[in-house]
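What follows is each chain in one-letter form.
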Amino acid sequence: MASNINGFSKLSKGDKINWIAKTYFSNPQDVIELIEQYWNSDEELQKLHDEFIENTITNFYLPFGVAPNFLINEKWYTIPMVIEESSVVAAASKAAKFWSERGGFKTTILGTEKIGQVHFIYKGDKSKLTTFIYDTQKTFLDDTLSITQNMQKRGGGIKNIVLRDKTADIPNYYQLHVTFETIDSMGANFINSCLEQIATTLKEKAINYKAFSQEEKEINVVMSILSNYVPNCVVRAEVSCPVEDLESSDIKNPQLFAEKFVQAVRIAEVEPFRAVTHNKGVMNGVDAVVLATGNDFRAIEAGVHAFASRNGQYSSLSHAEIKDGIFRFWIDLPLALGTVGGLTSLHPMVKIALQMLQRPSATELMEVVAVAGLAQNFAAVKSLTTTGIQQGHMKMHLMNILNQFKATDEERIKVVAHFEKNVVSHSAVVELLESLRK
Ligand code: MEV
């Protein structure tokens, strides 16, 4: 019977597993065995993973795949992807090959600015607060020097501290809106440490600021935290070619294909229901690389979708046009990524992923991730506007169905051969398996 428990985090790993197995399962021994099967036999490696979070009981595997043949700014890449969805890596590889034969992907970094805010309540004269913040600028920078000096040596640090009046939204609410350059680190810890110091300085200096009344001296800091919305930390990825060059084994009429493709993207630009799914296809590529490289996919997801709504309605992240006979398809993505710090120096597979990408800077990783998103989006919209998505998707999903029914090697060979020429559906696979098993 389910129950609550005090002091769970203090239990040993074995006791935690025992409690879970006995509390929630009728076959605790089987559950314990399965959980243990997912442990790594290398104790040191297992300990490393255990200590990433609290209450680790085992590991949770996701496939680590690779998509080769990405030509990005004239350089070849094999892109590491961590994802469970059957068709994603295959689609990325196909799109990579397609565009490598048509000039490859081009990227441009449009900005690398990160943002953090100190949110506070100030009851008093706004002009006095403005002067106070102006007078305190240097102290903010001096007081954060112990945190920023290493970053400054690498060319980063605090770029700007601006007072924002938000009293029209909430009475007496102001912000210090701080912009940062964090070079190759994602910078979350750096930014949050700076902000907490700035908040301390803000409160302390206000108490001694002569021009303030007693009430004005009592600045109340509500919170200090980075923003995952980074509309000025943006990369553009694009592909283009003469329309007639789009011709390929599955694009027989390139003009028709290009027109339909542009129309499909246009629909995602104006129709939020379609835009969400269109952008989900983008994120299939983006998240897979973000995960493989040890970056924070929740931060990326939150920031990207906020960006997709920046004009007041949720819209497509990618755009397409045909101009003077040239087909062009591009995407702008806000991506606050790191290639140093965090998991990048801890997780052995993340290290392999970054090595495979030839030790990229954060901006180079932004380029690779945006390309993965664009390639995935291209593959999805190409399928949708030609054959439909299910043909490719179900072919890849076939293996999952075979695994679900524990097909033998012999059955697999027969089923795969059969579906080379037939449409895959769950029921058709089950029917065939049943007939083979009679
Ligand atoms: C499935 O994971 C992603 C797609 O739905 C994306 C799209 O519709 O563009 C195929």
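Quick summary incoming for the structure in this document. (Residues numbered from 1 in each chain as written. Predicted model: local features only at pLDDT ≥ 70, side-chain atom pairs only at ≥ 80, totals over all residues. Heavy atoms only, no water.)

1. A look at the environment of Asn-172
Stage number 1. Mapped onto the elements, Asn-172 comes out in the loop between strand S5 (157–165) and strand S6 (173–181).
Stage number 2. For the pair Asn-172 and Ile-121, spaced 51 residues apart in sequence, the C-alpha separation works out to 5.3 Å.
Stage number 3. Residues within four places of Asn-172 in sequence aside, it is in contact with Phe-120, Ile-121, Tyr-122, Lys-123 and Thr-167. (Helix = DSSP H or I, 4+ residues; strand = E, 2+ residues; numbered from the N terminus. Contact = heavy atoms within 4.5 Å.)

2. Observations regarding the sheet that holds strand S9 (residues 318–323)
Two modes of strand pairing occur in sheets, parallel and antiparallel, and in both the strands are linked by backbone hydrogen bonds.
Stage number 1. The antiparallel open sheet is built from 4 strands, whose spatial order is S3-S8-S10-S9. Since the sheet does not close on itself, it has two edges, and those belong to strand S3 (106–109) and S9, each with one partner. For this sheet, the mean inter-axis angle between neighbouring strands, taken without regard to orientation, is 20°.
Stage number 2. Here 6 bridges tie S9 to strand S10 (residues 326–334), and the two strands are oriented antiparallel to one another. Along S10, the bridge assignment pairs Ser-318 with Ile-331.
Stage number 3. Sheet contacts for helix H9 (residues 254–270): S9 and S10; angle to S9, the most-contacted strand, approximately 140°. (Pairing = 2+ DSSP bridges. Axes fitted to C-alpha atoms, helices over the stretch in contact; angles between N-to-C directions.)

3. Quick look at the nonpolar core
One broad rule of soluble globular proteins: the nonpolar side chains tend to lie buried together.
Stage number 1. Ranked by internal contacts, the top residues of the largest apolar core, which has 66 residues, are Phe-70, Phe-327, Leu-333 and Leu-335.
Stage number 2. Of all the elements, helix H13 (residues 362–385) adds the most residues to this core, at 12 residues.
Stage number 3. Not counting chain neighbours up to four residues away, the residues in contact with Phe-70 comprise Lys-75, Trp-76, Tyr-77, Ile-79, Ala-92, Ala-96, Phe-105, Val-371 and Ala-375. (Core = buried A, V, L, I, M, F, W, Y, C linked by side-chain atoms within 4.5 Å. Buried < 20%, exposed > 50% of the residue type's maximum accessible area, 1.4 Å probe, protein only.)

4. A short note on the packing of helix H14 (residues 390–404) against helix H16 (residues 426–437)
Stage number 1. In the contact formed by H14 and H16, the axes pass within 10 Å of each other and the chain directions differ by 45°. The angle between H14 and H16 falls in the class oblique. For the pair H14 and H16, the crossing hand works out as right-handed. Here H14 contributes Met-394, Leu-398, Ile-401, Leu-402 and Gln-404 to the contact with H16, which in turn contributes His-426, Val-429 and Leu-433.
Stage number 2. Among the residues forming the contact of H14 with H16, the class breakdown is 6 nonpolar, 2 polar and no charged. (Parallel < 35°, antiparallel > 145°, perpendicular 65-115°, else oblique. Left-handed = near helix turned anticlockwise from the far one by under 90°. Nonpolar A, V, L, I, M, F, W, Y, C, P; charged D, E, K, R; others polar.)

5. Details of a nonpolar patch on the surface
Stage number 1. On the surface, a cluster of nonpolar side chains totalling about 320 Å² of accessible area is made up of Leu-34, Tyr-38 and Tyr-61.
Stage number 2. You can see Tyr-38 is positioned in the loop between helix H2 (28–37) and helix H3 (43–50). (Patch = residues over 30% accessible without salt bridge, like charges linked within 9 Å, V, L, I, M, F, W, Y side chains within 5 Å. Areas by Shrake-Rupley, 256 points an atom, 1.4 Å probe, with all protein chains shown as cover. Salt bridge = Lys/Arg side-chain N within 4 Å of Asp/Glu carboxyl O.)

6. As for the pattern of salt bridges
Stage number 1. Per the counting criterion, the structure on display carries 20 salt bridges.
Stage number 2. Measuring nitrogen to oxygen at the nearest pair gives 3.5 Å for the salt bridge that ties Glu-321 to Arg-328.
Stage number 3. The exposure class of Glu-321 is partly exposed, given its relative accessible area of 24%.
Stage number 4. Each of the salt bridges in this network shares a partner with another, and the network as a whole consists of Lys-94, Asp-250 and Lys-382.

7. Points about unusual backbone geometry
Negative phi values dominate among residues other than glycine, just as trans dominates among peptide bonds.
Stage number 1. For Asn-73, which is not glycine, the phi dihedral falls at a positive 50°.
Stage number 2. Position of Asn-73 among the secondary structure elements: in the loop between strand S1 (64–72) and strand S2 (75–82).

8. Overview of the pairing of S10
In summary, the side chains of a regular strand alternate between the two faces of the sheet.
Stage number 1. Counting buried residues in S10 gives 8 out of 9 residues, a clear majority hidden from the surface.
Stage number 2. Judged from the 9 bridges that link them, strand S8 (residues 234–242) and S10 form a sheet pairing that is antiparallel. Counted as the bridge partner of Pro-242 is Ile-326 from S10.
Stage number 3. Where S9 folds back on S10, the antiparallel hairpin that results is connected by 2 residues, among which Asp-324 adopts a positive phi of roughly 50°.

9. Let's talk about empty space enclosed by the protein
Stage number 1. Applying the stated rule across the entire model yields 1 cavity of 30 Å³ or more.
Stage number 2. If you add up the space inside the largest cavity, you get close to 90 Å³.
Stage number 3. Surrounding the largest cavity, 13 residues form its lining, Met-186, Ser-227, Asn-228, Val-230 and Ala-336 being those nearest its centre.
Stage number 4. Residue assignment for the lining of the largest cavity shows that the elements contributing at least two residues are strand S4 (114–121), strand S7 (220–227) and helix H11 (297–308).
Stage number 5. It is H11 that provides the largest number of residues to the lining of the largest cavity, a total of 3 residues. (1 Å grid on protein atoms, 1.4 Å probe; cavity = no way out; pocket = protein on both sides within 12 Å on 5 of 7 lines; lining within 4 Å. Points joined across faces, edges and corners; volume = space filled by probe spheres on them.)

10. Quick word on the site of the ligand
Stage number 1. In the neighbourhood of the ligand, the contacting residues comprise Glu-85, Arg-274, Thr-277, His-278, Lys-280, Gly-281, Asn-284, Ala-380, Leu-384 and Ile-389.
Stage number 2. In this structure, Glu-85 approaches the ligand through a side-chain N or O atom, which is 2.6 Å from an oxygen atom.
Stage number 3. Within the side chain of Arg-274, an N or O atom sits 2.8 Å from an oxygen atom of the ligand.
Stage number 4. In isolation the ligand has 300 Å² of accessible area, and contact with the protein removes 83% of it. (Near = heavy atom within 4 Å. Polar contact = N/O pair within 3.5 Å; in protein donor to acceptor, adjacent residues only side chain to side chain.)

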